[in-house]
Each structure stands twice: as C-alpha cells, then as structure tokens.
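# Structure assessment
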Amino acid sequence: MLLKTLRLAPLGATLLFALLGTGAALAQPAADAASINKGKRLYMRCAACHDTGDTGPARIGPHLKGLVGRPMGSVPGYNYSAAMKAKPLVWDEAQLNAWLIKPAAVVPGTTMAFAGMPDAAERKALIDYLRTIK
C-alpha cells in the first residue's frame, strides 16, 4: 500500500496528496496562460483587418470582441457578405477551428481573404486568446 511505503501518518498522507493535487491544478492555468499568450502573438496576423474593441469603426473585417458564442454575421453595422449573413451558425470552438483552417470551406462565398492556418496548435492557441476578448 502506498501509505505504508511512504510511512506517512494518514493525516500526513492526506496533506501530501492534497498538495500534489493543488500543484496539478495550478499547473493547468499556467498551460492555458501560455496558450493564450501564444494566441495573442498569433492574433497579430488578424489585427490588420480585425479589432478587439467594439467602439471604433470596423476595419476591413468586423471586430472580434465577444466573438466566441456570437452568431456569425451579427456585428451591427458591419457589411457582411450575403453568404455570411445567411449562415445560421454560432462561433464556437469547432466553427472557429474549421474557419481558421479554410474560411471558404465553412462559408462558401465569404469575402474574407485568408489562406488559412494549417497548424492545429496555433489554431487552438488563437481560439484560446479569442475567448479572452469579452
């Protein structure tokens, strides 16, 4: 038994396992923070066309504030393509992942000129960052 091997009193073993569990819990946000930071750097590719605020005029593309969970083609005042307006989808992780692979495959007829992001880890990091823009 592990407790006999460690020769810890039950209270000491409980404390040890609690601390080990806390360490694992603390390690997860660090990984998320690293992914978010990577995504923020990757977002620079998007920044020429998309803003992260919602108060200024639209750039070439609509703002991305609050993107995750928002219906496609729904930023008031932005002139979306007819194809985008007709899509009854919501921007979730699966839709964003597919969009970042190849936008024209998700919305044929979109006016977004973006070749795609082939690297899955980069797409995940960018999506992690986009989730933080609220």
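Residues numbered from 1 in each chain as written. Predicted model: local features only at pLDDT ≥ 70, side-chain atom pairs only at ≥ 80, totals over all residues. Heavy atoms only, no water.

As named in an unreviewed UniProt entry, the protein chain is C-type cytochrome, taken from Pelomonas parva.

## Thoughts on the pattern of salt bridges
Within this structure, the stated rule accounts for 5 salt bridges. One salt bridge connects Asp128 with Arg131, and the closest N-O pair in it is separated by 3.3 Å. Of this pair, Asp128 and Arg131 both sit in helix α6 (residues 120–132), 3 residues apart, which is roughly one turn of the helix. A relative accessible area of 10% means that Asp128 is categorised as buried. Taken together, the shared-partner salt bridges connect Glu93, Lys124, Asp128 and Arg131 into one network. (Salt bridge = Lys/Arg side-chain N within 4 Å of Asp/Glu carboxyl O. Helix = DSSP H or I, 4+ residues; strand = E, 2+ residues; numbered from the N terminus. Buried < 20%, exposed > 50% of the residue type's maximum accessible area, 1.4 Å probe, protein only.)

## Looking at the packing of aromatic side chains
Two numbers describe a pair of aromatic rings. These are the distance of the centres and the angle of the planes. According to the stated counting rule, one finds 3 aromatic pairs in the structure shown. Aromatic side chains Tyr78 and Tyr80 sit 4.7 Å apart centroid to centroid with 75 degrees between the ring planes, which places their arrangement in the edge-to-face category. Taking the centre distance of 5.3 Å and the plane angle of 80 degrees together, the rings of Trp91 and Trp99 count as edge-to-face. Residue class for Trp91 comes out buried when judged on its relative accessible area of 7%. Taking the relative accessible area as the measure of exposure, Trp99 reaches 6% and is therefore buried. (Phe/Tyr/Trp six-rings, centres within 6.5 Å; stacked < 30°, edge-to-face > 60°.)

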